Amino acid sequence: MTTAPMPRLLLLAPGLPGMHQAGPAGHAMLCLARRLAAEGAVVDLLIPRSPTGPETATRAWDLCRRAGIHLHVLAGHDGADAMLGWRVLEWLRGRPARPDLVLACDARGLAAPLLTARQLGLALAGVPVALLVTGPSAWAAGPGGMLTPGLLLRRHAEDAALGGADALFFAHQALADWWRASHPADARPHRVLSGLGAGHTRPGPGPGPGPGPGPGPGRLLLARGLADVAEAQALCRFLLALPPGAPPLCLPPPPESDRIGPDPMVALLEGLAGAQPALELMTEPDTLRLEPRLFHPGDQVLLPGLDAVTEPLALDAAAAGLPLRPLAGAALPMAAPAWQPLLPHLLALAAPPPPVVALPDPPPLVSVCMSHFDRPALLEQAIASLKDQTWPALELVLVDDASPSAATRAFLDAQEDDFAARGWTILRNSREEWQAAARNRAARAARGDFILIMDDDNLALPDEVELMVRALTITGADAVGSYQQLFRGEHDARAEDAPARVEFFPTGGPAAPGTVWNVFGDVNVMFRRAVFESLGGYTEEAGIGCEDYEIGAAMARAGMRLLIVPQALYLYRFSSVNMARGMSNERLYHSHMRPLRPALAGQGPAAARLLRFTHGMEHARQQRFGWSYWSGRPEAKPLRDYDIHQPGTPGPLFQREVAAALLAAGDAPGALRLALPLSLAAPHDWALARLVADCAAELPGDAALRQHVRDTAWQLGIDLVGRVRDRLRLAGREADLELWPEDAA
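Turning to the nonpolar core, a few remarks are in order. If you look at the biggest cluster of nonpolar residues, it comprises 36 residues, and the most contacted ones within it are Leu11, Leu36, Leu45, Leu71 and Phe169. Residue contributions to this core peak at eight residues, all from helix H1 (residues 24–38). Each residue touching Leu45, except ones within four places of it in the same chain, is listed here: Leu11, Leu16, Met29, Leu30, Ala33, Ile69, His70, Leu71 and His72. Counting residues in hydrophobic clusters, the runner-up holds 35 residues, among them Leu394, Leu398, Met454 and Met468.

When pLDDT is averaged along the protein, the result is 83, and 82% of the positions lie at 70 or above. Mean pLDDT values over the elements of the protein span from 59, in strand E10 (residues 279–281), up to 98, in strand E19 (residues 526–528). For residues 283–287, every residue scores under 50 in pLDDT, and the model assigns this stretch nine contacts once sequence neighbours within four places are set aside. Every residue in residues 634–648 scores below 50 in pLDDT, and together they form 37 contacts with partners more than four places removed in sequence or on other chains.

Pairs can form between side chains of opposite charge whenever their charged atoms are close. Applying the stated criterion to the full structure yields 34 salt bridges. Across the pair Glu90 and Arg93 runs a salt bridge, and its minimum N-O distance is 2.4 Å. Here Arg93 and Glu90 lie together in helix H3 (residues 81–93), a separation of three residues that amounts to about one turn. Residue Asp457 is joined to Arg375 by a salt bridge in which the shortest nitrogen-to-oxygen separation is 3.5 Å.

A regular strand places its side chains on the two faces of the sheet in alternate fashion. Most of strand E1 (residues 8–12) sits out of view: four of its five residues are buried. Bridge count for E1 against strand E2 (residues 42–47) is five bridges, and the pairing is parallel. Bridge pairing in E2 links Arg8 to Val42. Pairing of E1 with strand E4 (residues 101–105), which is carried by four bridges, proceeds in the parallel orientation. Across the sheet, Leu11 pairs through a bridge with Leu103, a residue of E4.

Ordered by their spatial adjacency, seven strands build an open sheet running E3-E2-E1-E4-E5-E6-E7, and the pairing between neighbours is parallel. Because the sheet does not close on itself, it has two edges, and the strands there are strand E3 (69–73) and strand E7 (190–192). Averaged over all pairs of adjacent strands, the angle between their axes in this sheet comes to 20 degrees, without regard to strand direction. Pairing geometry for E2 and E3, over five bridges, is parallel. Bridging from a neighbouring strand, Asp44 pairs with His70 of E3.

In the structure shown here, the tally under the stated rule is eight aromatic pairs. Ring centres of Phe520 and Tyr549 lie 6.1 Å apart, and the angle between their planes is 50 degrees; on these two criteria the pair is classed as tilted. Residue Phe520 is located in the loop between strand E18 (479–488) and E19, and its partner Tyr549 is located in helix H17 (residues 547–557); the two are separated by 29 residues in the primary sequence. For Phe520, a relative accessible area of 3% puts it in the buried group. Tyr549 gets classed as buried once you look at its relative accessible area, which sits at 5%. When the ring of Tyr572 is compared with that of Phe574, the centres are 5.8 Å apart and the planes differ by 85 degrees; the resulting orientation is edge-to-face.

What follows concerns unusual backbone geometry. The bulk of non-glycine residues show a negative phi, and the bulk of peptide bonds are trans. A cis amide bond links Gly509 with the next residue in sequence, Pro510, at an omega value of 0 degrees. Within the element layout of this structure, Pro510 appears in the loop between E18 and E19. Even without being a glycine, Asp374 presents a positive backbone phi close to 55 degrees. With respect to the helices, strands and loops of the structure, Asp374 is situated in the loop between strand E13 (366–372) and helix H12 (376–387). When its relative accessible area of 27% is taken as the criterion, Asp374 is described as partly exposed.

So, how was this worked out
Residues numbered from 1 in each chain as written. Predicted model: local features only at pLDDT ≥ 70, side-chain atom pairs only at ≥ 80, totals over all residues. Heavy atoms only, no water. Core = buried A, V, L, I, M, F, W, Y, C linked by side-chain atoms within 4.5 Å. Buried < 20%, exposed > 50% of the residue type's maximum accessible area, 1.4 Å probe, protein only. Helix = DSSP H or I, 4+ residues; strand = E, 2+ residues; numbered from the N terminus. Contact = heavy atoms within 4.5 Å. pLDDT = per-residue confidence, 0-100. Salt bridge = Lys/Arg side-chain N within 4 Å of Asp/Glu carboxyl O. Pairing = 2+ DSSP bridges. Axes fitted to C-alpha atoms, helices over the stretch in contact; angles between N-to-C directions. Phe/Tyr/Trp six-rings, centres within 6.5 Å; stacked < 30°, edge-to-face > 60°.

Right, dumping it as structure tokens:
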């Protein structure tokens, strides 16, 4: 009698406690891996980046081995979020057997490239992909506010993973409630795994506190930083009631907040004046928040309240045998329910059916549009790579942009007969018009339903055209790009037996980070013909580049979808005759201004100044650190109106204009962040006081801000309350008028 093979599960996390500075995702995934291994699954736990040190890696491997977990740690530095997902895909391609299920954490959108690859039939065919939700950026940040380009990209990837997974598992109830409230129509399987807490640090049998950094045992640990004065006063009363010789209090910094009002840390220190209990502020980078790895035997955990941060941590503390001390008004968490077997539920999940590509017969024609200027040896290699394509319906439209050398003219003459036999086309410009104009001319002469733009020094891998057509057909996207494999030299690198060097991971959007970073990819993009024509092709401007970046930004602003295949489909050459590397600083500046145009269209003066300043700051940073095409360039004189190399700090007038623009765009919290400090620094400035009042009108839940507006109105002798009431009436928000009574004016 044969026994059924044990199910094999692949668990993915961007970091692991003890090996990296892992947040809740790493802790929860480690705890889940331990439980699933105990249920009888073969668990592969994959971490797609190198450990921070060999000692921690050895310890983590030993702990996982004793828990029955197969730990895999991939070599490579921590980089772009999409890079980690690409490493997972490369690892999967080298595995002899596929897993029965993939369970990824939500952090950093690890599952997004995997889900795209599965949708396109490139990996994980028929394998369900579930997500363990531990605290995505959209939940942690809350509504409003300003985000960095990096955080916007991370949220983009995490949203793609959350929207594409086959099932969602939540690390605690608050996350499940948030998701159901924001996505009431989501019918996918959901389940709360409330027994996880934040994840134990010891994956062996039985929970227990693990060793961690910091002073010796016997401390008081505050579960999170103080959020308001009421919590500070409750903690103050607790500390004052302690007997002499009480253990020190480990105090995390207060959580980030837009709240206007007294500082809870100041309130705590004022309340403790003269008592002087031992306080230890947690300020080290790896101890800014309390995590289970910091627990020691004898510690006590103080709960300022029960929320989505403190409740999972309290469950861990209780499981580790640490006493819980609720402060005034805080309740003890309910004991975690007994762990219900999860493995049967996971194995019952189903993946969507593999994609069925119904291509017309005959297959649609793809037109490769290529501009060339005086490098015939590289052009010959590019043409050869197109002749080796697996897609049968292909034409090349080559535009020579007035190459001056006799060698180029002789090479093109020699190609005429072969091109004619294949139905390909060579067009020759009588004068140099630059790449954008030459590519547009090629597109106008093309006959295909799809237009693939290609550089004359790059090399197409054999299945590039076929996979791009499949991707457009399966997804309905407007255009498709891919990752690129880099190489150096003037040779044909297609036959090289060398590890793939992939370093650029475009995401296809969103539009906001695309204002300062190229998230859209290289020129090597296949468009639907109608899409390319609706965009008007490339803008034509001789002497500068970045038209590919600009058209990607225009697509994003127009709501079009640029899909990125998470696989290198072509070889990108670092060449000594690279166009951008031969540009002057001023021409490079104008090239980088080009993709900003779609964002500037329709903006007012203040918003336009903010965008230009932000763009300049980013490229100044790139030059300072020698990134991108700024590498090795000497410092140049600042360019008027852009100040790209040394942009100065924006002054108060600029900040005021930006705050007004943010408020007009509906971002009252962002406007308040700029306007309130300016108003406090200039308390007699009526215009700033009115701007803060306008922000307060859009933030009805902030009682402290309302009081600040009333106090300012009394000090200046102006009617700010009436101004707010007028604004509310114009907006039809009659219900909010009672928050601003006229007798308080």
